[in-house]
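# Residue-level structure breakdown
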Amino acid sequence: MPHRFFALEDDADRLAGVWLSHGHGDHCFGLPLLLLRLGEMGRRRPLAIAGPQGVGPRVKDLLDVAYPGFASRLGFEVAVQEAADGDSFVFAGLPARTAATEHGLANLAVRVSVAGRELFYSGDGRPTRQSLLLADGCDLVVHEAFTVRGGVEGHGAAVPLAQRLASRVGRLALVHVGRGFRAQMNEWLAGMGPKTTITVPEDGLTVAL
Ligand SMILES: [Zn+2]
Ligand SMILES: [Zn+2]
């Protein structure tokens, strides 16, 4: 995460917050380097970090393992918030709501309102009734789709997500595609035609809404 992020961003204070959907390594092991680098770049603005119950100790543990003793020397405040399923709260100054998905670790999807736009990020997990309702009507939905048609426990799949959401959201971006499913995913997407609002983003894609 940090290397890609800093390829696009050189302003230490622009990032408002980090949502840690759950504790799996592919979603949070990049955090220590992100914080270290922001400190090196001279960040002064407090950084909001939010996620499910236990996110506070998780952030502390990650920093202690990666850069022992560094947490107190970051040079900026890290404000960690714990959220629960169905919460409505203010995250990094933005109205936010959560919904749990079905995943191996407790995972919260989040919806935030930014300048009149509605954004949804699933984190990991098979969608639930609540998480699909939360995504409904958003301008951009970033959802994990590990497979095309399903069958992997605790993960989303492109076809049911497209059937449920594609016509109800502005854009549906499918991410976290399993290595063994990428060719099949691209083939399926090609079959949706040039006017589809579904994308399977490449690294580094930026989206203007
Ligand atoms: Zn996970
Ligand atoms: Zn993951």
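Residue indices begin from 1 for each chain and proceed along its sequence in written order. Whichever chain is written first becomes A and whichever ligand is written first becomes 1, with later ones labelled in order. In keeping with the model being predicted, local features are shown solely for residues with a pLDDT of at least 70 and side-chain atom pairs are shown and tallied solely at 80 or more, while totals for entire chains, interfaces and linings include all residues.

## Observations regarding unusual backbone geometry
- Within the chain, Ala92 stands out as a residue other than glycine whose phi angle is a positive 50 degrees.
- Summarising the element assignment, Ala92 is placed in the loop between β4 (88-91) and β5 (94-100).
- The phi torsion at His176 lies on the positive side, around 65 degrees, for a residue other than glycine. Numbering goes from the N terminus for both helices and strands, where a helix is a DSSP run of H or I of at least four residues and a strand is a run of E of at least two.

## Remarks on the sheet that holds β5
- Pairing between strands is defined by DSSP: at least two bridges between them are needed. Spatial strand order, β4-β5-β6-β7-β8-β9-β10: 7 strands in an open sheet with mixed pairing. Sheet topology places β4 and β10 (198-199) at the edges, where each strand pairs with a single neighbour.
- When strand β7 (residues 117-121) meets strand β8 (residues 140-144), the two strands line up parallel, connected through 3 bridges. Along β8, the bridge assignment pairs Leu119 with Leu140.
- Packed on one face of the sheet, helix α6 (residues 158-165) meets β8, β9 (171-175) and β10 and runs near 165 degrees to β9. Whether two residues are in contact is decided by their C-beta atoms, placed from the backbone, lying within 7 Å. For helices, the axis comes from a line fit to the C-alpha atoms of the stretch in contact; other axes are also lines fit to C-alpha atoms, and the angle between any two N-to-C directions lies between 0 and 180 degrees.

## A look at the pairing of β5
- Residues with at least 20 other C-beta atoms within 10 Å of their own are called buried, those with 12 or fewer are called exposed, and the rest are partly exposed. The C-beta atoms themselves are positioned from the backbone. Counting buried positions along β5 gives 5 out of 7 residues, so the element sits mostly inside the fold.
- Here β4 runs beside β5; their pairing, made up of 4 bridges, is antiparallel. Residue pairing across strands places Val90 opposite Pro95, the latter belonging to β5.
- Counting the residues that bridge the hairpin from β4 to β5 gives 2 residues, and of these Ala92 lies at a positive phi of roughly 50 degrees.
- Here 5 bridges tie β5 to strand β6 (residues 108-114), and the two strands are oriented antiparallel to one another. Note that in β6 the partner of Ala99 across the bridge is Ala109.

## Some words on the domain arrangement of the chain
- The start and end points of each domain follow an automatic or database-based domain assignment. By domain assignment, the chain separates into domain 1 (1-82) and domain 2 (87-201).
- The straight-line distance from the C-alpha centre of domain 1 to that of domain 2 is 23 Å.
- Taken residue by residue, the interface counts 14 residues in domain 1 and 12 residues in domain 2.
- Element by element, the count of residues in the side of domain 1 that touches domain 2 is highest for strand β2 (residues 47-51), at 3 residues.
- Among the residues making up the side of domain 1 that touches domain 2, the classes are represented as 5 nonpolar, 9 polar and no charged. For this classification, the nonpolar set comprises Ala, Val, Leu, Ile, Met, Phe, Trp, Tyr, Cys and Pro, the charged set comprises Asp, Glu, Lys and Arg, and every other residue, Gly included, is treated as polar.

## Side note on the nonpolar core
- For the purposes of this analysis, a nonpolar core is taken to be any set of buried Ala, Val, Leu, Ile, Met, Phe, Trp, Tyr and Cys residues that are connected through C-beta atoms within 7 Å. Membership of the largest hydrophobic core comes to 46 residues, with the highest contact counts inside it found for Ile49, Phe120, Ala135, Val141 and Leu161.
- Residue assignment places this core across two domains, with domain 1 (1-82) and domain 2 (87-201) each supplying three or more.
- Aside from chain neighbours lying at most four places away, what touches Ala135 is Phe120, Val141, Leu165 and Val169.

## Things to note about α6
- Listed in full, the buried residues belonging to α6 are Ala158, Leu161, Ala162 and Leu165. Looking straight down α6, one finds its buried side chains confined to an arc of 100 degrees; they lie on one side.
- The inward-facing, buried residues of α6 abut α5 (129-135), β8, β9, α7 (182-190) and β10. Directions are taken from the helix axis to each C-beta atom, and the arc is the one they span.

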